[in-house]
2 protein chains.
Amino acid sequence: MSLQKLCELPEWKKLVEQADKMDLPENHLKYLVKEKNRLEKFSLQGAEIFYDFSRQRVDEKTINLLFELADARELKENFNLMAAGGKVNTTENRAALHTASRDFLNDSILVDNKDVMPEIRRVREEIKEFVSKVHNGEITGSTGKPFKQIVVIGIGGSYLGTEFISSALRAYADKNIEIEYLSNVDIHNFGRIISYIDPKITMWIVISKNYTTAETMANAKLASAFMEGKGLDPAKHFVTVTSKGSPGDDKKTPVIRSFHMFDFIGGRYSVTSAVGGVPLSLYLGYDRFERFLKGAEEMDNHAKSAPVHQNLPLVAAIIGVWNNNFLGYNEQAIIPYAAPLHKLPPHIQQLYMESNGKSVTRAGDILNEPTGVIVFGEPGTNAQHSFFQLAHQGRPFPIDFIGVIKPQYEQFQGRSKGVTNHQELWANLIAQPMALAAGKDDKDNARHFSGNRPSSTIVLNDLTPESIGRLLAFYEAKTVFEAFIWDINPFDQFGVELGKTMASGIRNEIAAKNDKSNHTFEGMDSITRFYLDTLFSGRLKD
Amino acid sequence: MSLQKLCELPEWKKLVEQADKMDLPENHLKYLVKEKNRLEKFSLQGAEIFYDFSRQRVDEKTINLLFELADARELKENFNLMAAGGKVNTTENRAALHTASRDFLNDSILVDNKDVMPEIRRVREEIKEFVSKVHNGEITGSTGKPFKQIVVIGIGGSYLGTEFISSALRAYADKNIEIEYLSNVDIHNFGRIISYIDPKITMWIVISKNYTTAETMANAKLASAFMEGKGLDPAKHFVTVTSKGSPGDDKKTPVIRSFHMFDFIGGRYSVTSAVGGVPLSLYLGYDRFERFLKGAEEMDNHAKSAPVHQNLPLVAAIIGVWNNNFLGYNEQAIIPYAAPLHKLPPHIQQLYMESNGKSVTRAGDILNEPTGVIVFGEPGTNAQHSFFQLAHQGRPFPIDFIGVIKPQYEQFQGRSKGVTNHQELWANLIAQPMALAAGKDDKDNARHFSGNRPSSTIVLNDLTPESIGRLLAFYEAKTVFEAFIWDINPFDQFGVELGKTMASGIRNEIAAKNDKSNHTFEGMDSITRFYLDTLFSGRLKD
């Protein structure tokens, strides 16, 4: 069923008018931030996260109109439908149950009248039992040595979330196990990894839902040949995380253990499933992985049950749409003032841009409004010394600043200019949103700051597994809330198919040439032919 | 002297009209790419780099109009003026002579009638001699052990270029020396590094032009205290790269050696000076650093002397301005299909966004046209599994694809689906620009690809030091050519000052509270006060 077109919604029309009003000089952020109780009115707290949108270009009327839009698009109802197993992935006729993978409350969630919770719990139990045997040395490599190095072979959603969580929680990694990611098919990625691992103590975890992803298969094959070349039995060094019955779950190619993933959890939402569960439990211990899940669950419950006007990811989503569709910003930066979160921006870049980079409604109609923005970011204060010149005096873009009250290391209290490093970090975290919002007049145009540049500030108590889980689930929920406003499907990715198909045709040409050196690329267009000839010639023409 | 306003230039007006024409359905890229000799007409080669703009939304008329714009703005003259020591950094009344730092041809370059080449050569000689003594064990740490670990302390331009080059050339690092970057003031950055270095064999290289950068000073202080705590003499473990006479070049705080940087080379252009020279020569050997310089010089010479219509960085710059100012794209992605280039996007993000994120002409007039775009990127094929859904079916953005014919590792010729990993990578590199350009019709809108999405493809022969130098200098020249079109100053960064000033005020408040625990933050605005109270309370209120 088609929803009403966005541009025809009365709530949307009112917001278009409201955007004109917010563009008036008297609504410059330098005035808005000085309003009485600005922060109290435009901030929220829930699931131990503080969300401050006082430096967004909104007033009470704007927010109320956005709440009306949220109601008109039934955001919470959609979210709860998703979490209850509704087939919200309409184009693929599937549920989207990443929330179920960290649901410790509901006994059963039905999809097609089948309860999915028992298998979710079973996989978690299998992970727990497996990891304990690896840690205590019951499960070892083929020479009997305990595993000390893990290489995750997987690309996109099969590793970005895990990479984010493992780097965020590195301070907790006390199992004497290192973790690496072999994602890219680029041979440099493989070459670099095998240049320093010790194969006897290495476990390869191959992660692929259908076990056909070209990059992952190529790397798994190389890794297997490498292990055999070292006289080691791949069956004792490989683990797979894949769909039940996929080629990776086939007794014909034996592995230490195969863990299942489900078609109702998409790759970019899968870090709380076995995709993250197996490597993260090995790296951090199963208990910490479960603490991480419980943090995510806490935010899920908040997203499900908090009223619209107190709902952090929902409010973040309507602000996102406001900035995008009404104020015309095309990007969203994520700047964590916490180095362990340095892989958050690339993870959210994938989560958000793959989910919301769509142009079609769930009913298949072409949308007239732009959808997902471009997400990018680096940690602060590094970003200040990189692209903040443009943020302050060039093309404006909205920013999520993220701060953490308690760092993972507290033993360093040395002071420079009277403050600790952590305090220096916070001085900058506090200063930047205000500088962007307020600006500063100067008669010299080169030293003039126009201000009125919007940002949110998100504060976490700490960087514990729970807090990281909450933050992850916050961005996941924000992403799907935005999709529900546009009425797009955030769970499919048909946009990656054309490139795959074309690469497959080119791969066949290369394979033909490998096979017969006199093969020419006649069937290809002339540009493609040039590149194929260049690759085989080994060098640009002089 | 003010140049004529862009919007009043006849060349600019013609381009505005031309953009309307290129928006017509018959000028969709799916037709343009099929034109006879499309690639021959819209590609260039120089300094061993191939630059293909056949998948940009241009025809011959567009390109000719852009050449007229280039002539009107005297791009090559400006570049040569810059390279000859002209004071092109107008707001700071300085030259911008990064090209001089790799100039092996010119005997002398005068700035204020003083030849700068002797001191450039002298610093290079000092680096060469120093590095050789470190490598042969003449210069050691305070216990007499040779140095095996380097930590560069520096932020922004003091490390991003070096990080890019060191990761690109990691395959050449045969000096048994590891390199790390302590950039962020975030205590997690310091805590992580000292968790695994061995202080006895560690050399700290502190890089800061004026030796006052808050982050760098805080980290240097922590590092020095850490070394003393281990019973090691900082004077035997610290090196500085700084301006002559700065506090880092003061005999009162002795160091192993202090190398000079010059006010005519800005941070983001400084990797070919001592800023990159000291750490990179230690890591790779001085000879390879010089090979890298010679590659950069080659591209500089090309940029200086190749005619406008054959000039790679100049053509890339006018295409950049065409996409930005006439076709309305706000972003530029950089997608290297070469994992060793994974730090190229963050380096160019800084180089470009800090240089061109301006709103004021060199004469101090406010520009009406947008300047620098937002630069971001990840390596391919990883990016395909991350944000390419949006690239194909969401909001379009231009992309630079970068391919390398010969990888650094050639020993892996195992095949999957009939091709090697390197060939699989190329199959994707070839397929993506064409898929984006041509698109594909489908009655099902969710599977429809609108195409007409522009990209360039840049091909390098290999990833040698020379090739990396050429690529670096290509992007540096492209950046300043774009600035010359807009008539902005790409060498200053006043936009970072306001945040620094405000952070300094907040730091003082924190220091006051550290000093006297009953200090209150009365002088601060209420939002700032909230954050300061939160930091000191140690936890969000429940």
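Rules and cut-offs
Residues numbered from 1 in each chain as written. Chains lettered and ligands numbered in written order. Predicted model: local features only at pLDDT ≥ 70, side-chain atom pairs only at ≥ 80, totals over all residues. Helix = DSSP H or I, 4+ residues; strand = E, 2+ residues; numbered from the N terminus. Rg over C-alpha atoms; globule rule 2.2 N^0.38 Å. Buried ≥ 20, exposed ≤ 12 C-beta atoms within 10 Å, placed from the backbone. Contact = placed C-beta atoms within 7 Å. Least-squares fit on C-alpha atoms with pLDDT ≥ 70 in both. pLDDT = per-residue confidence, 0-100. Pairing = 2+ DSSP bridges. Axes fitted to C-alpha atoms, helices over the stretch in contact; angles between N-to-C directions. Parallel < 35°, antiparallel > 145°, perpendicular 65-115°, else oblique. Nonpolar A, V, L, I, M, F, W, Y, C, P; charged D, E, K, R; others polar. Expected span 1.5 Å × (residues − 1). Domains from an automatic or database assignment. Right-handed = clockwise from strand over helix to strand, strands pointing away. Core = buried A, V, L, I, M, F, W, Y, C linked by C-beta atoms within 7 Å.

A. Inspection of the overall build of chain A at higher detail. Scanning chain A from N- to C-terminus turns up 18 helices and 15 strands. For 542 residues, the compact-globule formula gives about 24 Å, and the C-alpha radius of gyration of chain A, at 25 Å, lands near that figure. Seen through its principal axes, chain A has C-alpha atoms that stretch 75 × 60 × 60 Å. Counting every position in chain A, which comprises 542 residues, the buried fraction comes to 61%. Long-range pairs, those at least 24 residues apart, make up 74% of the contacts in chain A with a sequence separation of at least 6.

B. Main features of the relation of the copies chain B and chain A. Once turned by 180° and shifted 0.0 Å along the axis, chain B lies on chain A with an RMSD of 0.0 Å. Considering both components of the superposition, the chain copies are consistent with a two-fold axis. In terms of proximity to the rotation axis, the leading residue of chain B is Phe376(B), whose C-alpha is 3.3 Å off the axis. Most of the interface of chain B is mirrored in chain A, where 99% of its interface residues are also at the interface.

C. Geometry of the confidence of the model for chain A. Chain-level pLDDT for chain A is 97 on average; 100% of the residues reach the 70-or-more range. With pTM at 0.98, the complex prediction returns an ipTM value of 0.97.

D. Geometry of the sheet that holds strand 6 (residues 178–182) of chain B. Residues and elements named next belong to chain B. An order of 6-5-7-8-9 is seen for the five strands of this open sheet, with the pairing classed as parallel. On the outer flanks of this sheet lie strand 6 and strand 9 (257–261), each paired with one strand and no other. Across the sheet, the axes of successive neighbouring strands diverge by a mean angle of 20°, strand direction being ignored. Where strand 7 (residues 202–207) and strand 8 (residues 238–243) come together, four bridges link them in parallel fashion. Paired with valine 206 across the bridge in strand 8 is threonine 240. Across the sheet, helix 10 (residues 274–284) lies against strand 5 (149–153), strand 6, strand 7, strand 8 and strand 9, angled at about 135° from strand 9, the strand it touches most.

E. Expanded view of the packing of helix 5 (residues 75–83) of chain B against helix 11 (residues 286–305) of chain B. All names here are of chain B. Two elements in contact, helix 5 and helix 11, have axes whose closest approach is 8 Å; the angle formed by their N-to-C orientations is 135°. Relative to helix 11, helix 5 is oriented oblique. Mapping the contact onto sequence places Phe79, Asn80 and Ala83 in helix 5 and Asp300, Ala303 and Lys304 in helix 11. Looking at side-chain class alone, the contact of helix 5 with helix 11 contains three nonpolar, one polar and two charged residues.

F. Spotlight on the interface of chain B and chain A. Counting residues at the interface gives 121 residues for chain B and 120 residues for chain A. Sort the elements by how many residues they give to the side of chain B that touches chain A and helix 15 (residues 421–438) of chain B lands first, with 13 residues. In terms of residue class, the side of chain B that touches chain A is built from 57 nonpolar, 45 polar and 19 charged.

G. Layout of helix 15 (residues 421–438) of chain A. Residues and elements named next belong to chain A. For helix 15, built from 18 residues, the straight-helix expectation of 26 Å at 1.5 Å per residue is met to within 8% by its first-to-last C-alpha distance of 26 Å. With 18 of 18 residues buried, helix 15 is to be regarded as a mostly interior element. With its phi angle positive at about 65°, glycine 439 sits one or two positions after the end of helix 15.

H. Up close: the packing of helix 4 (residues 60–72) of chain A against helix 12 (residues 312–326) of chain A. Residue and element names in this part refer to chain A. Relative to each other, helix 4 and helix 12 sit at 105°, their axes nearing to 10 Å. When the axes of helix 4 and helix 12 are compared, the pair comes out roughly perpendicular. Between helix 4 and helix 12, the residues in contact are Thr62, Leu66, Leu69 and Ala70 and Leu314, Ile318 and Trp322, respectively. The class makeup of the residues in the contact of helix 4 with helix 12 is six nonpolar, one polar and no charged.

I. A look at the domain arrangement of chain A. As far as domains go, chain A holds domain 1 (6–72 + 306–489), domain 2 (116–292) and domain 3 (497–537). A separation of 33 Å is found between the C-alpha centroids of domain 2 of chain A and domain 3 of chain A.

J. Geometry of the pairing of strand 6 of chain B. Residues and elements named next belong to chain B. Two elements, strand 5 and strand 6, share five bridges in a ladder whose sense is parallel. For isoleucine 150, the partnering residue across the bridge sits in strand 6 and is isoleucine 179. Crossover handedness for the path strand 5 to helix 7 (residues 160–168) to strand 6: right-handed.

K. Region of interest: the environment of Glu378(A). When you line up the elements, Glu378(A) lands in the loop between strand 11 (374–376) and helix 14 (388–393). On the basis of neighbour counts, which here come to 24 C-beta atoms within 10 Å, the residue Glu378(A) falls in the buried class.

L. The nonpolar core, seen in detail. In terms of nonpolar packing, the biggest core is built from 352 residues, with Ile205(A) and Ile205(B) touching the most fellow members. Not counting chain neighbours up to four residues away, the residues in contact with Ile205(B) comprise Ile150(B), Val152(B), Ile153(B), Val239(B), Val241(B), Val278(B) and Pro279(B).

M. Looking closely at the sheet that holds strand 15 (residues 455–460) of chain A. Residue and element names in this part refer to chain A. Pairing is mixed in the open sheet, where six strands are placed in the order 1-2-15-12-10-11. Since the sheet does not close on itself, it has two edges, and those belong to strand 1 (43–46) and strand 11, each with one partner. When strand polarity is set aside, the average angle formed by the axes of neighbouring strands in this sheet is 15°. Relative to strand 15, strand 12 (residues 399–404) runs parallel, the two being bridged by six bridges.

N. Structural context of the environment of Met227(B). Residues and elements named next belong to chain B. Counting through the fold element by element, methionine 227 comes out in helix 9 (residues 214–229). Assessed through the 23 C-beta atoms surrounding it within 10 Å, methionine 227 is described here as buried. Spatially, the C-alpha atoms of methionine 227 and proline 199 are 6.7 Å apart, while their sequence positions differ by 28 residues. The contact partners of methionine 227, leaving out residues within four places of it in the chain, are Pro199, Leu232, Pro234 and His237.

O. Expanded view of unusual backbone geometry. A cis geometry characterises the amide bond from Gly380(A) onward to Thr381(A), with omega recorded as 5°. Looking at where Thr381(A) falls in the secondary structure, it is placed in the loop between strand 11 and helix 14. Positioned with a positive phi, Glu48(A) is a non-glycine residue whose angle comes to about 60°. With respect to the helices and strands, the residue Glu48(A) is situated in the loop between strand 1 and strand 2 (49–52). Its identity as a non-glycine residue notwithstanding, Asn93(B) has a phi of 50°, on the positive side. Tracing the chain through its elements places Asn93(B) in the loop between helix 5 and strand 3 (110–111). For Asn93(B), a count of 8 C-beta atoms within 10 Å translates into the label exposed.

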